[in-house]
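# Architecture and fold: a report
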Amino acid sequence: MVFAAPGEALARAEGVLNGHPPPLHASVAHQVIGIWQRDFGDLRLALRHLRRARDCAARADSAEREADVLATLGVALVHAGRTRQGLEAFERGVARGTGHTRARVLFRRAYAWWVLGHHKESLEDVRRAIPVLRQADDVIWTARALTLRATVHLALGAVERADADFTAAEALWDTTGQEHDKADAVESRGLAAFRSGDVPAALRLLDEAEERYAKLGTPTFMLNIRRCEVLMAAGLAAEALAEADAAIKALDGIGGQSTRKAELLLAAARAARLADDPQTAIARAALAVRLFAGQRRIWWETHARLVLIEARHAAGRRSGRLVADAAAVAGKLASLGAPAAPEASLLAGRMALRLGWTADAERHLAVAARSRRSGPPLARMTGWAAQALRAEAAGSARGVLEACRRGLDVLDDHRMTLGASELRARATAQGAELAALAQKASLVSGGPRRLLVWSERWRATVLTAPPTRPPADPALLSGMTAYREIAARAEEARMEGRPVPALEREQRRLEREIRSRTLHMRGGAPGDGHRFDVGRLLRRLGDSDDGQLVELAVLDGRVQVLLCGQGRVRRFEAGALATAETEAEHVQAGLRRLAHPGAEARLPVVEAAGRRLEELLLGPAVAHLGTGPVVVVPPGRLHRVPWALLPSLRERVLSVSPSASSWLRARETQPPPGGRRVLVRGPGLATGGAEVPELADQYDGATVLGNGDATVPRVLEELDGAALAHIAAHGEFRADGPLFSSLRMADGPLIVHDFERLGRSPYRILLSCCDTARFATVGADELLGLVTALLPLGTAGVVACSAPVNDEAVVPLMLALHKGLAAGLSLAEALRDARAALPGDTVHQATGWAFSAFGAA
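Worth saying up front: this structure is predicted, and the values here are computed from it rather than measured.

### A word on the packing of helix α17 (residues 320–336) against helix α18 (residues 341–354)
As a packed pair, α17 and α18 sit with axes 8 Å apart at the nearest point and diverge in direction by 160°. With respect to α18, the axis of α17 lies roughly antiparallel. The handedness of the crossing between α17 and α18 is left-handed. On the side of α17, the interface is formed by L322, V323, A326, A327, V329, A330, L333 and A334, while α18 contributes A341, A344, S345, L347, A348, M351 and A352. Here the contact of α17 with α18 is built from residues that sort into 14 nonpolar, one polar and no charged.

As structure tokens, then:
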């Protein structure tokens, strides 16, 4: 009962002891309490009860009972870090038990071997136990043994063997009432899904297991460790670190297992390293190494040493000693049969290259490169990264490009199995090194045109295919409705000055639930194999009034301007990216001040910053822009630049695109038939959305939503497939959760997740509100936000704002913009003319600069 109904089992065991039972019964009761405390409570109490259970079994003169208790005590001692005492208890248990009992002892010793990282010994013990357990028709223990064997196979990278054992175990669990073990089986299937490369399925199964454990009221420390691993693979390292640290605190609070604490510390160290926090990674990994060493867990200690070396390298340490340490770890991992061995060899090779030790580097990288042919996607990525570094060291640009292409193809296939746009975006971080290597090699071997191809290869890839539509999941839909209602109530309470902590807590809980369900979505299919075609881009630019596309690439921290147009691609070197980022933040701060009357004195300062920004971002390319339209394709880190403020771009037709590929797709997107127009006016605007009534008069037959009609369901219904949409509503950008960035409607926020449910987003959409063109930069060079959610869904052009603006000044800008659209102009042309038509005061100028046209409609 202790796993099927742990609370009830504990109560019954305590009741038995209160009745002054004979030694045999007392032994069972103490053992049950010991198991409960070992797995769900205080390990010190567990050891006290298990020793009493052993002593009672000896007084009862029951060798079988004593053997069973010794096995349970052995597991507890191992978890307490007393490895030698634990293994001695197992030896006595195996000697005392016979037949069926001995098989159970062997299973539990196999479990302890797995905890210790002795996989060969674990497989041997479980091999001896399973036939006896089956012969005794012991369904529960047979299922446990099969689950353990599958888990060991997974640790060694034998995914197919693990799947077979998990499937057999699950069939047995279905015939029992062991709810805890059933939850453990679901958790194990989640681990198997992850090992096979199916991140959405892994997240879904781990969440299901957590729900099952919650019903039993049992802690989930092993689940926390496994979910951290999956979160890291999904690019959610900061979340993994937070989960691991919270679990460590909870474990310390109950005096829990020392072995689990060490594993959680290792998970936290890995997460901190991936989250670019090397000092935290060093601290967590060093403590994990000490704990594992004290517990005699060589497998785990070696993995922790690998993370410690990686973190020290990331912190800037360079030495031959560190290379030797990495090589030693790689050798030890290989001898243990650990799938992480190539990762250690890659690290040793990379560090040797930094020191100029080419022969040593070649030796280590050659070993790592063997993993490129087989295994899960991220392991093959490691191999291709090693191969690319080998080619770079050998001076073979062609070899670098081939390895990078093959590695990024692997990651492409993996990325497209992910349904959620957030996971797709974050997954690209795994390819950042390959993309950077390819860009450098392409400049050496192929000039500007090839550099453009490789800049596009890994830029804004999340926009290359529409995200998977959220499923018609009743729980997800009801959660989004509840979220909207709670958010609306919280906003109303804030405006009335009432406290909102309880509402905010519920809003955060609903956000976590919605996000969790969307992360479970699988991608529909692999990519279509489309590759960016420079010739096609140049032909299309030739059709657009002698226009030019300016793509900004970054090599070794400096901006490279790729000027595309007039049938060729030219390269110019501009300034340092870090300096440009700082200057862009100064410009944004200046625009915020200019949005308010009385800040006229700041205008020369902002204009001077715009001139400096132009020099940093465009450099000598400015002299070659010509007079036609310009499309700017900036890297993700420059998404907040107000491009219309740059002197050379201020008076021209200007649009912005996350990538040249997405601009081409937008350019070739056809508007929907019917020309339906939708005008939306949200609540609480300072101007009341004053432009909407005038636009309604201009557009005969347009659908107008406002005055309580602008609810999220109604707005989405009307937006779907519209030719033109104008939304006047308060916008909120959420840096902590970009897919919860929103527009305020009558019944609450319209979030990015809502837009992803559209069959086709409007062909053109104008967002006359603050912060709608702000994005979160994630992955290699990806942007998450409102505009980037619309572009893959059928929207060819967006006008949005990257800064707070003056509401009154927005109205004439929008009216002038629509006047241009009615005359047949594109969004970029109409926005250029609208800026020119504004009054000449500072507030109106700043408002015009803050808006950008995205796409090509």
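### Looking at the sheet that holds strand β11 (residues 748–751)
Ordered in space as β9-β10-β11, the three strands form an open sheet in which the pairing is antiparallel. In this open sheet, the two edge strands, each paired with only one partner strand, are β9 (731–732) and β11. In this structure, β9 lies alongside strand β10 (residues 742–745), joined through two bridges in antiparallel fashion. In the strand pairing of β10, G731 is matched with L743. Relative to β11, helix α24 (residues 474–495) is tilted by about 130°, and along the sheet it contacts β10 and β11. Each of β10 and β11 touches helix α31 (residues 712–719); the most contacted strand, β11, lies at about 30° to it.

### Quick word on the packing of aromatic side chains
Scanning the model with the defined rule gives six aromatic pairs in all. With 5.8 Å between their ring centres and 25° between their planes, F292 and W300 make a pair best called stacked. Classification of F292 as buried rests on a relative accessible area of 0%. The buried category is assigned to W300, whose relative accessible area is 15%. A cation over a ring is seen here: R144 above W141, with NZ or CZ 4.9 Å from the ring centre.

### A closer look at the pairing of strand β12 (residues 764–767)
Of the two faces of β12, the one lined by R764 and L766 and the one lined by I765 and L767 are each fully buried. One ladder, built from four bridges, connects strand β8 (residues 724–728) with β12; its direction is parallel. Looking across to β12, one finds that H726 is bridged to L766. Note: β12 against strand β15 (residues 797–801), three bridges, orientation parallel.

### Quick look at the side chain of E456
Among the secondary structure elements, E456 is positioned in helix α23 (residues 432–457). No salt bridge is formed by the buried E456; the nearest opposite charge belongs to R459, separated by 4.1 Å. In terms of polar contacts, E456 uses its side chain to reach the backbone amide nitrogen of A660, at 2.9 Å. Once residues lying within four places of it in the same chain are set aside, the contact partners of E456 are F532, E551, V633, S659, A660 and S661.

### Digging into the packing of helix α6 (residues 99–116) against helix α16 (residues 298–314)
At a minimum axis distance of 6 Å, the contact between α6 and α16 shows a crossing angle of 20°. The angle between α6 and α16 falls in the class roughly parallel. Contacts from W114, V115 and L116 in α6 reach I298, W299 and W300 in α16. Taken together, the residues of the contact of α6 with α16 sort by class into six nonpolar, no polar and no charged.

### A closer look at the pattern of salt bridges
According to the stated counting rule, one finds 63 salt bridges in the structure shown. Close ionic contact of D165 with R149 constitutes a salt bridge, the shortest N to O distance being 2.8 Å. Separated by 16 residues along the polypeptide, D165 in helix α9 (residues 159–173) and R149 in helix α8 (residues 139–155) bring together distant segments of the chain. Assessed through its relative accessible area of 7%, D165 is described here as buried. For E422, the salt bridge goes to R515, with nearest N and O atoms at 2.7 Å. Of this pair, E422 sits in helix α22 (residues 421–427) while R515 sits in helix α25 (residues 501–519), and the two are 93 residues apart along the sequence. Comparing E422 with R515, the two get one shared label, buried. Taken together, the shared-partner salt bridges in this structure form one network comprising E402, R405, R406, D409, D412, R415 and R457.

### Quick word on the environment of R640
By the element assignment, R640 lies in the loop between β4 (630–633) and β5 (654–656). Judged by its relative accessible area of 13%, R640 falls in the buried class. Between the C-alpha atoms of R640 and R449, which are 191 residues apart in sequence, the distance is 27 Å. Each residue touching R640, except ones within four places of it in the same chain, is listed here: E585, Q588, R592, R774 and S802. Among the polar contacts listed, one links the side chain of R640 to the backbone oxygen of S802, at a separation of 3.2 Å.

### Structural notes on unusual backbone geometry
Positive phi, normally seen in glycine, also occurs at H20, with a value near 50°. Tracing the sequence through the fold places H20 in the loop between α1 (6–18) and α2 (23–40). Positive phi values are uncommon outside glycine, yet D556 reaches one of about 55°.

### Some remarks on α24
For α24, which comprises 22 residues, the first-to-last C-alpha distance of 32 Å matches the rise-based estimate of 32 Å (1.5 Å per residue) to within 8%. Looking at α24, one finds that the buried residues are L476, G479, M480, Y483, R484, I486, A487, A490 and A493. Considering only its buried residues, α24 is in contact with α25, α31, β11 and α32 (752–755). Once α24 finishes, G497 follows within two positions and takes phi at roughly 80°, a positive value.

### A word on the nonpolar core
Generally speaking, a soluble globular protein has its nonpolar side chains buried in company with each other. By size, the foremost hydrophobic cluster in this structure holds 137 residues, and its most contacted members are V199, L333, C404 and L423. The biggest single contributor to this core is α6, with 10 residues. With residues up to four places along the chain from it excluded, the contact list for L423 reads V199, L203, A234, L236, L418 and L519. L617, A722, I727 and L783 belong to the second-largest nonpolar core, a separate cluster that totals 72 residues.

### Comments concerning the pairing of strand β1 (residues 548–555)
Across the eight residues that make up β1, a large majority, seven, are buried. As judged from the four bridges shared by β1 and β4, these two strands associate in the parallel manner. Paired with Q548 across the two strands is V630, which belongs to β4. Pairing of β1 with strand β2 (residues 558–565) involves seven bridges; the strand directions are antiparallel.

Thresholds applied
Residues numbered from 1 in each chain as written. Predicted model: local features only at pLDDT ≥ 70, side-chain atom pairs only at ≥ 80, totals over all residues. Heavy atoms only, no water. Axes fitted to C-alpha atoms, helices over the stretch in contact; angles between N-to-C directions. Helix = DSSP H or I, 4+ residues; strand = E, 2+ residues; numbered from the N terminus. Parallel < 35°, antiparallel > 145°, perpendicular 65-115°, else oblique. Left-handed = near helix turned anticlockwise from the far one by under 90°. Contact = heavy atoms within 4.5 Å. Nonpolar A, V, L, I, M, F, W, Y, C, P; charged D, E, K, R; others polar. Pairing = 2+ DSSP bridges. Phe/Tyr/Trp six-rings, centres within 6.5 Å; stacked < 30°, edge-to-face > 60°. Buried < 20%, exposed > 50% of the residue type's maximum accessible area, 1.4 Å probe, protein only. Lys NZ or Arg CZ within 6 Å of the ring centre and 35° of its normal. Lys, Arg positive; Asp, Glu negative; His and termini not counted. Salt bridge = Lys/Arg side-chain N within 4 Å of Asp/Glu carboxyl O. Polar contact = N/O pair within 3.5 Å; in protein donor to acceptor, adjacent residues only side chain to side chain. Expected span 1.5 Å × (residues − 1). Core = buried A, V, L, I, M, F, W, Y, C linked by side-chain atoms within 4.5 Å.

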